[in-house]
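# Working through the structure, step by step
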Amino acid sequence: MGPQSKFLALLQTLKDEILKEKEILSSKSNSEVLSESSNAIDIQNIEMVISEDDFNFFNNEQSSLNISPDESSSTQLFLQGMNSDDCSLGIQNIFPSENQSTYFIPYYKEGNIVSPNRGKLFDKYCNIKRKIIKINPSNKRKHDDEPQLNLCEDYEDSLTWLKNQVEPEIILHKLWNETSLHRLKLHKNDNMMNVYPALKKPTGHCLVDIDFAHLYPDKTMCLFQKFETFKNKLKIYLSKNCINIGSQGLKLFKILETPLKAGDDDLAAFQLIPFLLSPVNVALNNKQILRPSKIEQLHAFIVNIQNVNELKTTHRQKIDSALSLGLTVQPYVVVVGNINEADSSMQYFTIIDDVQFLLETLLKAIDLCFKLFHVLNLKYSPQAQQVWNFFEHYFYDISDQKKGRKFLSIQSSDGHYRIVYTIE
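All figures in this text were calculated on a predicted structure; none of them were measured in a lab. Counting from 1, residues in each chain are numbered in the order their sequence is written. Reporting of local features is limited, given that this is a predicted model, to residues whose pLDDT is at least 70; pairs of side-chain atoms are given and counted only at 80 or more, and all residues count toward the totals for whole chains, interfaces and linings. Side-chain metrics rest on all non-hydrogen atoms present in the structure, leaving aside hydrogens and water.

Glancing now at the confidence of the model for the protein chain. Summarising the model, the protein chain shows a mean pLDDT of 77, and 71% of its residues fall at 70 or more. Low pLDDT (under 50) marks residues 36-82, which in the prediction has 59 contacts with non-local residues, meaning those over four places away or in another chain. Think of pLDDT as the predictor's per-residue confidence, scored from 0 to 100. Residues count as neighbours in contact if any of their non-hydrogen atoms are within 4.5 Å of one another. Here residues 139-152 is a poorly scored stretch, pLDDT under 50, and it has eight contacts once near neighbours within four places are set aside; other chains count.

And the structure:
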């Protein structure tokens, strides 16, 4: 009889004993059961009970983590005196069909290539430790008193993986979600685009969505939920009020009312927002005063080009313009296609640095652009500051005092919508 057969036989014996115990208990009356020892086991509701000694074991970091003084980044896991590498080997010996590397792969570094601890055993250990920390008040107070001593203990290996790997996607999204709040605090003054290569992938916008959901849990779908109402109210407002939006604004209003193809009215609605904002003075970092025109407000927010080959030229022009003002280019949206042609196909990009995110719809491109400012802790472009502050207050219902104080809001008045300037 092989090891696996012996194990299955033992398992069946244990199962038979439990069933026998259940039959005995079911045959007894309630009074007989209550008269039994207080240590009797509830077979139907067996739970793992963690004693005070178990807490002490997990609270003792020396017994749960063995940090080598020569390799501080290497974390070796021990489970009650047994190395997890031995555990994984034991599992393979009992179950020959299992692979040892599935359960534990130790820390490994060769040159710039870093492979952190990983595997089912290590994941289980981390999950149990996090749960014990949550339910142990004394341990929580200890970490509150000494926040710097345990800043990266639980996330060091995960962050190392994220800094050096971009796939598989399942692991990437799992670790990104688990470390979100920690990363946002740790890299508050850093450009995470240069720290985590996965952000530059074509699917990097999914990671931005994850982080924004941690920052503002109830705001992730605000733009999509409110935009149709905004678009309809904007039509009513412009048709009933004499607003000076210039010749280009009037063309956009016509497209808003009678679009040539699906999506053109969405683009026209967004492009009309800068024309409803009266330019204001903006103080730059070099103490200069900038008063952007309505066209400049629009171009800092959305750029409409005819050919995708113009993307690099457009970005280069933005860099040159920003340098002349002592600024850097902030995230913006590019729409490729002709809004005046019914058969012109449209493409939507969100641009940040040299990364071009191609999105399915204009709403998604603008939503991503807004979220990038908050996830990466970036300042709004001075030329588009009023536009993005409007998005903050109207669509997302959030307020960030650091990103500017002047904003435009659209408020209801006797069933009609009117433009109101508010200065906080």
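So much for the structure itself; the text now carries on.
A few words now on the packing of helix α13 (residues 204-215) against helix α19 (residues 362-375). Relative orientation and spacing of two packed helices are given, respectively, by the angle between their axes and the distance between those axes. Relative to each other, α13 and α19 sit at 60 degrees, their axes nearing to 9 Å. By the angle between their directions, the pair α13 and α19 is classed as oblique. Viewed along their axes, α13 and α19 form a crossing whose handedness is left-handed. Each of H205, V208, D209, D211, F212 and L215 in α13 lies in contact with α19, whose residues at this interface are K364, D367, L368, F370, K371, L372, H374 and V375. Across the contact of α13 with α19, the residue classes break down as seven nonpolar, two polar and five charged. To obtain each axis, a line is fitted to C-alpha atoms, and for helices this fit is confined to the stretch in contact; angles are then taken between N-to-C directions over 0 to 180 degrees. Only DSSP runs of H or I reaching four residues or more are called helices, and only runs of E reaching two or more are called strands; each is numbered from the N terminus. Working rule for angles: under 35 degrees goes down as roughly parallel, over 145 as roughly antiparallel, 65 to 115 as roughly perpendicular, anything else as oblique. Working rule for handedness: look at the near helix, and if it is turned counterclockwise from the far one by less than a right angle, call the crossing left-handed; if clockwise, right-handed. Residues are grouped as follows: Ala, Val, Leu, Ile, Met, Phe, Trp, Tyr, Cys and Pro are nonpolar; Asp, Glu, Lys and Arg are charged; all remaining types, including Gly, are polar.

Let's shift gears to the environment of F395. The topology assignment puts F395 in helix α20 (residues 385-395). Burial here depends on accessible area, computed with a 1.4 Å probe over protein chains only, as a share of the maximum for the residue type. Under 20% is buried, over 50% is exposed, and the range in between is partly exposed. The class for F395 is buried, based on a relative accessible area of 0%.

This part takes up the pairing of strand β9 (residues 332-336). Extensive coverage of β9 is indicated by the burial of five of its five residues. Both faces of β9 are covered, namely the face carrying Y332, V334 and V336 and the face carrying V333 and V335. Here, a strand pair is defined by DSSP locating no fewer than two bridges between the strands. Here four bridges tie strand β8 (residues 302-305) to β9, and the two strands are oriented parallel to one another. Within β9, the position partnered with I305 by the bridge is V336.

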